[in-house]
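Descriptive analysis of the structure
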Amino acid sequence: MLRYLPDSFKIRRFTTRQLVAVAIALLVVLALYYNALPHYSDGRRWTPPPVAASRTPPAEWQRRADQVKQAFLHAYHGYETHAMLHDEIRPLSNQFKDNFNGWGVTLFDSLDTMILMDLNDEFRRALPVVEKADFMPSPNVTNKHVGYAPFFETVIRYLAGLLSAYALSREPILLQQAEKLGNMLSPAFDTPSGFPLFGVNIAQAQGIGSTTGILAEIASCQLEYTYLALLTGNKTYWDKADGVMQGLAQADLSALGGMMPRRWNVETSEPTDQFLSVGAATDSAHEYLLKQYLMTAKSDRTSYQMYLRATNHILTHLLYLSDKRGLLYVTDVSRPGGGPSHRFEHLSCFFPGLLALGADQLDLSLDDLDLSALGSEGLRSYEILKHYDLRALHKWAAEGLATTCYLLYADQPSGLAPDEPPPSAGNLWIAALERWREGGQRGSPPGLGEKPTVRFTEEELKNAKLRAIKAEWRDYYLQRTDYLLRPEASTVESLYLLWRTTGDPIWRERGWAIFEAIERETKTPSAYASIKDVLKSPAPQLDDMPSFFLAETLKYLYLTFLDEDPLPLDRWVFNTEAHPFPVFTWSSWEKEKFGIGKLPS
Ligand code: DMJ
């Protein structure tokens, strides 16, 4: 064939025989690859579809933000019409429920979102309700919380809702009510350790709960009580928040690499198990380590030390790569040295955003670490991590994890992610990273980069055998198929933080894809509904709309699509229910007005 080519085209360095050999070798490689792909029982091959990159014109983002605002209005007006003064609307039956004290949790949780969206009419209509709230036990509560206010939920939704709405509007009634509520909840701290109890019997001003507390519920009140102290000048609130942090910091966690486990004795402030995770029952405690440090303008060094220790352990012990797709995921262990469960809880999808935030706002250096507090396990992690730029490592983990979280959405026919942790199996990320580093860091770090979606077709959904073949390629199974309008399960919290910290529009686009799925699958004539089965489209709906849908999910989506950032990350910190608090400026007007000088610097 070479004969017929003009001289200038001839490849002179190879003989025809050599070229034929190369071509055969290529064919063999292609055939092997083709055979390795999953295939249907009738012999058809299946290839993952390519990931589409999109470029959205800037004006379109404003339109998208407006659409989220309309979604908020639809949901909130439904609540106002059918469930006002109760906690949540039932979006299918247009009934209501009182599952969080019966004081109107949806209204309190929505206040700051209204302000951010310039919904003045709704905000003005809400203020008289806030003003009238006496925070006493409501006869309407019929669920497990009868007779007491659950401390954690009341702090993160009601107290934080009031405080952040105050921060954004300076309406005095909001602060007055925040102080009243913060005070009424204070009996929860009446334990020998100062760790809060599970709930408060408000009528009797008494904390109630077992001696064993859950980490997330003990350690997710520092932002709220510290900010309340700042605003009121009442140092007692600071003492309560700081008491929790100091108690946790003094526990001997050397066997756990410095990471806080799930259960604690609220009398002795000692851990009572060795379960390490960033999922349910632990999540926001890790979140508050970083955020307390940031909110106090990087003065709460105890929190920072604990954040460094916890993330060092997570990076080296809890991050795994799935077998086929190389999906990065974070899992849990029930004791040090024990094998990982390989569960990847969808609730953990707040974690990539947290890592991105830390890497964006901090220098993140191992030089800051107090080595004497590490213990042998922590020192082992330190020895590995010292070869890396810690900030880069946090960023890689954030991007890899956020991609996996997004794929759990994109993989489903409804475009919505399942709530329950899909079990998986894989290998330690840090080991793969070490091989990549020792091999000269060629290509992107393991777990990063574009990954194709693996979606079931209609045909596969009907046929269990076909579905099983495809499922294997996904690297995870669905234990539960419901979607509860969560911000973590929606991944939107992390997508927002990844977008703001990297500036890469892919994260924004992913947020939009998720919003479109929410609109398509969860909207009802009066509000939005949780979903029973994400494998179906149209997806069967549940008669629930949790208040965090308005507080978190829609707020993060709105902020993701806005071009102007009203809450720059160096000036605002979100609590675990997405309520923003300002980063303290120790010399601001607050200092004079509320006596911030009383707080330790
Ligand atoms: C929210 O109430 C908070 O984010 C909490 O920390 C755990 N998750 C729910 C929403 O899913």
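All residue numbers refer to positions counted from 1 along the written sequence of the respective chain. Selection of residues for local features in this predicted model requires a pLDDT of at least 70, selection of side-chain atom pairs for listing and counting requires 80 or more, and totals for whole chains, interfaces and linings are taken over all residues. Water and hydrogen atoms play no part in the side-chain values, which are based on all heavy atoms of the structure.

**Re the nonpolar core**
Our working rule: To qualify as a nonpolar core, a set must consist of buried Ala, Val, Leu, Ile, Met, Phe, Trp, Tyr and Cys residues joined through side-chain atoms within 4.5 Å. When a residue's accessible area, from a 1.4 Å probe over protein chains only, is under 20% of the maximum for its type it is buried; when over 50% it is exposed; and in between it is partly exposed. Numbering of helices and strands runs from the N terminus, with a helix taken as a DSSP run of H or I at least four residues long and a strand as a DSSP run of E at least two residues long. Residue contacts are counted whenever heavy atoms from the two residues lie within 4.5 Å of one another.
Judged by nonpolar contacts, the single largest core of 179 residues is most densely connected at Leu-174, Tyr-225 and Trp-429. By residue number, the principal contributor to this core is helix 14 (residues 390-410), which donates 13 residues. Contacts of Leu-174, omitting those with residues within four sequence positions, involve Leu-111, Phe-123, Leu-127, Val-130, Leu-162, Ala-165, Tyr-166 and Ser-169.

**Overview of the site of the ligand**
As a reminder of what qualifies: Nearness of a residue to a molecule or strand requires only that one of the residue's heavy atoms be within 4 Å of it. Nitrogen and oxygen atoms within 3.5 Å of one another constitute a polar contact, given that in protein one can donate a hydrogen and the other can accept it, and given that sequence-neighbouring residues count only through two side-chain atoms. Using the Shrake-Rupley algorithm and a 1.4 Å probe, accessible areas are obtained, with residue cover drawn only from the displayed protein chains.
Lining the immediate environment of the ligand, one finds Phe-152, Ile-156, Arg-157, Arg-486, Pro-487, Glu-488, Phe-548, Glu-552, Thr-576 and Glu-577. Contact between the ligand and Arg-486: an oxygen atom at 2.8 Å from a side-chain N or O atom of the residue. The separation between an oxygen atom of the ligand and a polar side-chain atom of Glu-552 is 3.2 Å. Starting from 290 Å² of accessible surface for the ligand in isolation, the protein chains cover 93%. Among the elements that make up the shell around the ligand, the one with the highest residue count is helix 5 (residues 151-169) (three residues).

**Overview of the pattern of salt bridges**
Rules: Salt bridge, as used here: a side-chain nitrogen of Lys or Arg that lies within 4 Å of a carboxyl oxygen of Asp or Glu.
With the rule as written, the count across this model stands at 29 salt bridges. Across the pair Arg-90 and Asp-544 runs a salt bridge, and its minimum N-O distance is 3.7 Å. On the criterion of sequence distance, the pair formed by Arg-90 in strand 1 (residues 88-90) and Asp-544 in the loop between helix 19 (505-522) and helix 20 (548-561) is long-range, its members being 454 residues apart. Here Asp-544 falls in the partly exposed class, since its relative accessible area comes to 22%. Two residues, Glu-153 and Arg-157, come together in a salt bridge whose shortest N-O distance is 2.9 Å. Separated by four residues within a single helix, Glu-153 and Arg-157 lie in helix 5, roughly one turn from each other.

**Topic: the packing of helix 8 (residues 222-232) against helix 10 (residues 283-295)**
The test is simple: Helix axes are fitted only over the stretch in contact, all axes being lines through C-alpha atoms; the angle between N-to-C directions runs from 0 to 180 degrees. Here the word oblique covers every angle except those under 35 degrees (roughly parallel), over 145 (roughly antiparallel) and from 65 to 115 (roughly perpendicular). For any pair of crossing helices, the crossing counts as left-handed if the nearer helix is rotated counterclockwise from the farther one by less than a right angle, and right-handed if it is rotated clockwise.
For the pair helix 8 and helix 10, the least separation of the axes is 9 Å and the interaxial angle reads 20 degrees. Classified by the angle their axes make, helix 8 and helix 10 are roughly parallel. The interaxial crossing formed by helix 8 with helix 10 has right-handed handedness. Each of Gln-222, Leu-223, Glu-224, Thr-226 and Tyr-227 in helix 8 lies in contact with helix 10, whose residues at this interface are Tyr-288, Lys-291, Gln-292 and Met-295.

**Section: helix 5**
Note the following rule: A helix's residues, less one, multiplied by 1.5 Å, set its expected span.
A rise of 1.5 Å per residue sets the reference length of helix 5, with its 19 residues, at 27 Å; its end C-alpha atoms lie 25 Å apart and thus fit the reference within 8%. Summarising burial for helix 5: 17 of the 19 residues are buried, a large majority. In the segment just after helix 5, Arg-170 is the residue with positive phi, at about 60 degrees.

**Some points on the confidence of the model for the chain**
Worth spelling out the cut-off: Per residue, pLDDT captures the predictor's confidence, and it can take any value from 0 to 100.
Averaged over every residue, the pLDDT of the chain is 90; the share at 70 or more is 90%. Note on residues 1-11: pLDDT under 50 across the span, and six contacts to partners over four residues away in sequence or across chains. Low pLDDT (under 50) marks residues 34-53, which in the prediction has 31 contacts with non-local residues, meaning those over four places away or in another chain.

**Side note on the sheet that holds strand 11 (residues 426-428)**
Here is the rule we go by: One requirement defines pairing of two strands: DSSP has to find at least two bridges between them.
Here three strands make up an open sheet; going across it, the order is 10-9-11 and the pairing antiparallel. Single-partner strands in this sheet number two, and they are strand 10 (328-330) and strand 11. For this sheet the average axis-to-axis angle between neighbouring strands, irrespective of direction, equals 40 degrees. With three bridges joining them, strand 9 (residues 319-322) and strand 10 adopt antiparallel strand pairing. Bridge pairing in strand 10 places Leu-319 opposite Val-330. Strands strand 9 and strand 10 of the sheet are contacted by helix 14, whose axis makes an angle of about 95 degrees with strand 10. Across the sheet, helix 15 (residues 429-438) lies against strand 9, strand 10 and strand 11, angled at about 65 degrees from strand 11, the strand it touches most.

**What about the packing of helix 5 against helix 8?**
Worth spelling out the cut-off: Note that Gly is not counted as nonpolar here; it falls among the polar residues with everything else outside the nonpolar set of Ala, Val, Leu, Ile, Met, Phe, Trp, Tyr, Cys and Pro and the charged set of Asp, Glu, Lys and Arg.
Look at helix 5 against helix 8: their axes get within 10 Å of each other, and the N-to-C directions meet at 40 degrees. By the angle between their axes, helix 5 is oblique relative to helix 8. Where helix 5 crosses over helix 8, the handedness of that crossing is left-handed. Each of Phe-151, Val-155, Ile-156, Leu-159, Ala-160, Leu-163, Tyr-166 and Ala-167 in helix 5 lies in contact with helix 8, whose residues at this interface are Glu-224, Tyr-225, Tyr-227, Leu-228 and Leu-231. For the contact of helix 5 with helix 8, a count of residues per class yields 12 nonpolar, no polar and one charged.

**Notes on the UniProt feature "binding site: Ca(2+)" (unreviewed entry) in the chain**
Put simply, the test is: UniProt positions are given in the numbering used here, feature names are shortened, and annotations may be inferred rather than shown by experiment.
Here the UniProt-annotated "binding site: Ca(2+)" (unreviewed entry) positions come out as Thr-576. With respect to the helices, strands and loops of the structure, Thr-576 is situated in the loop between strand 12 (572-574) and strand 13 (580-582). Every residue in contact with Thr-576, bar those within four places of it in the chain, is listed here: Ile-156, Ser-284, Glu-287, Tyr-288 and Glu-552. A distance of 2.9 Å separates a polar atom in the side chain of Thr-576 from a polar atom in the side chain of Glu-287.

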